[in-house]
Amino acid sequence: QVTLVESGGGLVQTGGSLRLSCAASERTFSSYAMGWFRRAPGKEREFVACISGSGGNLRYVDSVKGRFTISRDNAQNTVFLQMNSLRPEDTAVYYCAADPNFYHIVVEKAVDYWGQGTQVTVSS
């Protein structure tokens, strides 16, 4: 069982930045691909970004490319999402996810573990 705990959400103005963190309980953290998803009010949950266990494979949804950066620190069992140039449409609850299979996260198929979510609100 892997426990994921997100932090770093909050209220920011348009154009601002936030850095989300997700701490994992798993000692074999580097064997898991990690991802970020979000659910905006009234919308379905959507994939945002994913990083492989080694950090060598990355994937982003088109709407965040060039603005968001996913990274991980395997020594600290933590994955990050640096969000720059935030827009009101980025407002959502952001969820961390973990799965041994990178593509399970990319296509959101049978993802093994989820965090509880952290709220990001971007004011206009």
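Throughout, residues of each chain are indexed from 1 in the direction in which the sequence is written. Note on the predicted model: pLDDT of at least 70 is required for a residue's local features to be given, and 80 or more for side-chain atom pairs to be given and counted; whole-chain, interface and lining totals, by contrast, use all residues. Derived side-chain values reflect all non-hydrogen atoms in the structure, with water molecules and hydrogen atoms excluded from consideration.

Some words on the environment of Val2
We count it as follows: Counting from the N terminus, the helices are DSSP H or I runs at least four residues long and the strands are E runs at least two residues long. Using a 1.4 Å probe on the protein chains alone, a residue whose accessible area is under 20% of its type maximum counts as buried, one over 50% counts as exposed, and one in between counts as partly exposed. Every residue pair with non-hydrogen atoms within 4.5 Å of one another is taken to be in contact.
Note that Val2 resides in the segment before strand S1 (4-7). Val2 sits in the buried class, given a relative accessible area of 5%. When the C-alpha atoms of Val2 and Arg27 are compared, they prove to be 9.1 Å apart, with 25 residues separating the residues in sequence. If we ignore the near neighbours within four places in the chain, the residues touching Val2 are Ala24, Ser25, Glu26, Tyr32 and Tyr113.

Looking at unusual backbone geometry
Residue Glu108 is not a glycine yet carries a positive backbone phi of 50 degrees. Within the fold, Glu108 resides in the loop between helix H1 (102-106) and strand S10 (113-114). Owing to a relative accessible area of 28%, Glu108 belongs among the partly exposed residues under this scheme. Its identity as a non-glycine residue notwithstanding, Ala110 has a phi of 55 degrees, on the positive side.

With respect to the pairing of S1
Successive residues of a regular strand alternate their side chains across the two faces of the sheet. Where we set the bar: When DSSP finds two or more bridges between two strands, those strands count as paired.
The side-chain alternation of S1 yields one buried face, formed by Leu4 and Glu6, and one unburied face, formed by Val5 and Ser7. Pairing of S1 with strand S3 (residues 18-24), which is carried by four bridges, proceeds in the antiparallel orientation. Within S3, the residue paired with Glu6 across the bridge is Cys22.

A few points about the state of the cysteines
To keep it simple, the criterion reads: Any cysteine sulfur atom paired with another within 2.5 Å is treated as part of a disulfide.
Summed over the entire model, instances satisfying the criterion amount to one disulfide. Each sulfur in the disulfide pair Cys22 and Cys96 lies 2.1 Å from the other. Handedness of the Cys22-Cys96 disulfide follows from its S-S torsion of about -80 degrees: it is left-handed. Taken together, the residues Cys22 in strand S3 and Cys96 in strand S9 (residues 92-99) connect sequence positions 74 residues apart. Look at Cys22 and you get buried, because its relative accessible area is 0%. No disulfide involves Cys50; its sulfur sits 10 Å from the nearest other cysteine sulfur, which is in Cys96. Accessibility expressed as a relative area gives 0% for Cys50, which makes it buried.

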